[in-house]
Each structure stands twice: as structure tokens, then as C-alpha cells.
Amino acid sequence: MAMSERIQELREHMERHHAETWPVLSRLTSDNMGMLVYDGEGGSWTVKDILGHLADAERGVLGQAQRLVNGKQTVPPDFDLARWNRSAVRKASDVSMDELLGRITTAHRASLDFLASLDDAQLDLVGRHSSGEMFSTEGFLRRIVNHRAGHVADIQAALQR
């Protein structure tokens, strides 16, 4: 099946964001892992915490998009994103940096494979994101890359402090 222009544009967007963010992530060292990036109401998050969060979130948001396309509930009505994120970061604390980076790479490839399986009509299906916002399938895929870009910019800023 030939890819529509819309799907091709979205694929290029996803690949471009990956190409912009991956060099930052792949150059991180074990010395960077304990560096504080966020310290506020949501708690303190280090570079390692953010890697754990991204590894979980990219797989999780893809799962929401897949459930949407398959006609299933994307997340339970009482889903608590803050609680989920705290738990995911805690669970990732014992996982190596290389394993977390591998999970991010795997999720990126899976997102591209998922996109290749879609048609334009499926991109327009709408469901509830874990944040409570309503997104189209396309919106879920854009959220994955934009979410990563935001966190990577914050990591870059912390590394430059």
C-alpha cells in the first residue's frame, strides 16, 4: 500500500524530531544521570528520571494510539497521569541508561511501523490521552515526538548550566 502524502509528512516529522533529539540522548554519560533537571511541585527529576519517563511514555502513548485504532478504550476514565509518571520513574531507577535508550529506540521504531500500517481515515480517529486531552491518532503520534523534544530541550538546558 502506498503511503499517502499526509502519512509521509507525519513520518518525516517523526523522523526529523528523532534525528534532532537522539544525538543529545545518545551522548549522555553515566556522569550526567544524577544531574537535576526539574525541581518543583512535581518533585525533583534527574536526567536518569527523564530517560525512564521517556522510555515509558513513548511506549505508553503509542499503546494508547494503537488501542484507539483498534476501537478500544485508550486509558481508564480514572487514569492518574501524575501517579503513573511517578511510578514509571521509580520503576526505571534500577534500569541501566543503555537499556532505557534502547527502549526509546524500540518505541520510536514501533511508532513508525504503526504509522505505516494506517490510512488517512485512521489518523482522524479521536480518543482520550492519558492527560485527559482528546487527540486524534495523528495527535497521539505528534505528542510522542513533541513530548520528547520538550524534555530533551530541558536536559540540554541543564547540561549547559
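Keep in mind it's a predicted model, so treat the numbers as computed, not measured.

Trainee: Describe in detail the pairing of strand 2 (residues 43–46), supporting the description with residues and values.
Mentor: Pairing of strand 1 (residues 36–40) with strand 2, which is carried by four bridges, proceeds in the antiparallel orientation. Pairing of leucine 36 across the sheet is with threonine 46, part of strand 2. Linking strand 1 back to strand 2 in an antiparallel pair, the connection comprises two residues.

Trainee: Break down empty space enclosed by the protein for me, with residues and values.
Mentor: In this structure the tally under the stated criterion is one cavity of 30 Å³ or more. Of the volumes computed, that of the largest cavity is approximately 70 Å³. As for the largest cavity, its lining consists of Met14, His17, His18, Thr21, Glu58, His108, Ser111, Ile144, Val145 and Arg148. Broken down by secondary-structure element, the contributors of at least two residues to the lining of the largest cavity are helix 1 (5–26), helix 4 (97–116) and helix 6 (137–160). Here the lining of the largest cavity takes four residues from helix 1, the largest share from any one element. Among the residues making up the lining of the largest cavity, the classes are represented as three nonpolar, five polar and two charged.

Trainee: Kindly report on the packing of helix 2 (residues 47–69) against helix 6, identifying the contributing residues and their values.
Mentor: Running from N to C, helix 2 and helix 6 point in directions that differ by 175 degrees, and their axes come no closer than 9 Å. Classified by the angle between their axes, helix 2 and helix 6 sit roughly antiparallel to one another. Facing Val47, Ile50, His53, Leu54, Ala57, Glu58, Val61, Leu62, Gln64, Ala65, Leu68 and Val69 of helix 2, the residues of helix 6 in contact are Thr137, Phe140, Leu141, Ile144, His147, Arg148, His151 and Ile155. For the contact of helix 2 with helix 6, the per-class residue count stands at 13 nonpolar, five polar and two charged.

Trainee: Got a sec to walk through the side chain of histidine 129? Specific residues and values, please.
Mentor: For histidine 129, the position within the fold is in the loop between strand 3 (126–128) and strand 4 (134–136). Those residues in contact with histidine 129 that sit more than four places away from it in its chain are Val61, Gln64, Val75, Phe135, Phe140 and Arg143.

Trainee: Give a description of the environment of glycine 60 that names residues and reports values.
Mentor: Relative to the helices and strands, glycine 60 is located in helix 2. When the C-alpha positions of glycine 60 and isoleucine 144 are compared, they lie 9.3 Å apart, and in sequence the two are 84 residues distant.

Trainee: Can you lay out the layout of surface pockets for me, pointing to particular residues and giving the numbers?
Mentor: For the largest pocket, the calculated volume is near 330 Å³. Taken together, 21 residues make up the lining of the largest pocket; nearest its centre are Val61, Gln64, Leu81, Trp84 and Ser130. Those elements that place two or more of their residues in the lining of the largest pocket are helix 2, helix 3 (81–92) and helix 6. With nine residues, helix 2 is the largest single contributor of residues to the lining of the largest pocket. Here the residues of the lining of the largest pocket sort into seven nonpolar, 10 polar and four charged. Reported here for the second largest pocket is a volume of approximately 160 Å³. In terms of lining residues, the second largest pocket is bounded by Gly52, Ala55, Asp56, Arg59, Trp84, Ser87, Ala88, Lys91, Ala92, Leu100 and Arg103. Broken down by secondary-structure element, the contributors of at least two residues to the lining of the second largest pocket are helix 2, helix 3 and helix 4.

Cut-off values and rules
Residues numbered from 1 in each chain as written. Predicted model: local features only at pLDDT ≥ 70, side-chain atom pairs only at ≥ 80, totals over all residues. Heavy atoms only, no water. Pairing = 2+ DSSP bridges. Helix = DSSP H or I, 4+ residues; strand = E, 2+ residues; numbered from the N terminus. 1 Å grid on protein atoms, 1.4 Å probe; cavity = no way out; pocket = protein on both sides within 12 Å on 5 of 7 lines; lining within 4 Å. Points joined across faces, edges and corners; volume = space filled by probe spheres on them. Nonpolar A, V, L, I, M, F, W, Y, C, P; charged D, E, K, R; others polar. Axes fitted to C-alpha atoms, helices over the stretch in contact; angles between N-to-C directions. Parallel < 35°, antiparallel > 145°, perpendicular 65-115°, else oblique. Contact = heavy atoms within 4.5 Å.

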